[in-house]
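# A look at the structure
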Amino acid sequence: MADKVKKSDAEWKTQLSPEQYHVTRRKGTERAFSGEYHDSKEPGTYTCVCCGTHLFSSDAKFDSGTGWPSFYEPMSPEAVSTEDDSSFLMRRTEVLCSRCDAHLGHVFPDGPKPTGLRYCINSAALKKIKP
């Protein structure tokens with residue numbers, strides 16, 4: 001894994017759109033079915049919009065019906081990290097980019113085989129690279 005990326009809020013605000021900043025740096029959430037990738041079926045690699053780390057492959061993407069891009073596993077276990085999240089009076093597991101700590105979304109134990117996990121990720125936190 002490459003070195004940790006650390007930037008000031010001012011630097012992130014310059015680099016990111018207001019929605020990308022809100023989602024990734026302030027732990028926001030885009031509205032369901034509003035994101036660019038929620039129904040994308042094209043092959044590619046989903047990277048972190050903040051630092052470019054390769055996070056998810058389209059091969060692991062599935063239609064969860066939730067309105068957010070969903071994946072059953074990251075490209076590598078080192079690509080993402082998780083933290084307990086008890087905001088909004090709910091207990092969830094937050095998913096972060098391991099390189100820059102960008103908020104990506106949440107992971108739930110109701111996904112398909114082979115992992116049984118559903119990484120529910122905000123499109124605003126992702127940039128897709130086509131093969």
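Note that the structure is predicted; figures quoted are calculated from it, not measured.

Bringing the environment of Pro-74 into the picture now. Inspection of the secondary structure assignment puts Pro-74 in the loop between strand E4 (70-71) and strand E5 (80-85). On the basis of relative accessible area, Pro-74 is assigned to the buried category, the value being 14%. When the C-alpha positions of Pro-74 and Arg-99 are compared, they lie 14 Å apart, and in sequence the two are 25 residues distant. In this view, Pro-74 contacts Leu-55, Phe-56, Val-80 and Tyr-119; residues no more than four positions away in its chain are not counted.

All right, on to the pattern of salt bridges then. Counted by the stated rule, this structure contains 5 salt bridges. Across the pair Arg-26 and Asp-9 runs a salt bridge whose closest N-O atoms are separated by 2.4 Å. Pair noted here: Arg-26 is in helix H2 (residues 18-26) and Asp-9 is in helix H1 (residues 9-15), with a separation of 17 residues, a long-range link. Of the charged contacts in the structure, one is a salt bridge between Glu-42 and Lys-130, with a shortest N-O distance of 3.2 Å. Of this pair, Glu-42 sits in the loop between H2 and strand E1 (45-48) while Lys-130 sits in the segment after strand E9 (126-129); the two residues are 88 residues apart in sequence, bridging distant segments of the chain. On the basis of relative accessibility, which here comes to 42%, the residue Glu-42 falls in the partly exposed class.

The next thing to look at is the nonpolar core. Grouped together as the largest cluster of nonpolar side chains are 27 residues, with contacts concentrated most on Leu-55 and Cys-100. When near neighbours in sequence (up to four residues on either side) are disregarded, Cys-100 contacts Val-5, Trp-12, Arg-25, Cys-48, Cys-50 and Cys-51.

Pairing analysis gives 3 bridges linking E1 to strand E2 (residues 54-57), with the strands arranged antiparallel. The residue bridging Thr-45 from the neighbouring strand is Ser-57, located in E2. What sits between the antiparallel neighbours E1 and E2 is a turn of 5 residues, in which Gly-52 has the positive phi angle 85°.

Procedures and definitions
Residues numbered from 1 in each chain as written. Predicted model: local features only at pLDDT ≥ 70, side-chain atom pairs only at ≥ 80, totals over all residues. Heavy atoms only, no water. Helix = DSSP H or I, 4+ residues; strand = E, 2+ residues; numbered from the N terminus. Buried < 20%, exposed > 50% of the residue type's maximum accessible area, 1.4 Å probe, protein only. Contact = heavy atoms within 4.5 Å. Salt bridge = Lys/Arg side-chain N within 4 Å of Asp/Glu carboxyl O. Core = buried A, V, L, I, M, F, W, Y, C linked by side-chain atoms within 4.5 Å. Pairing = 2+ DSSP bridges.

That is the geometry; function is a separate question.
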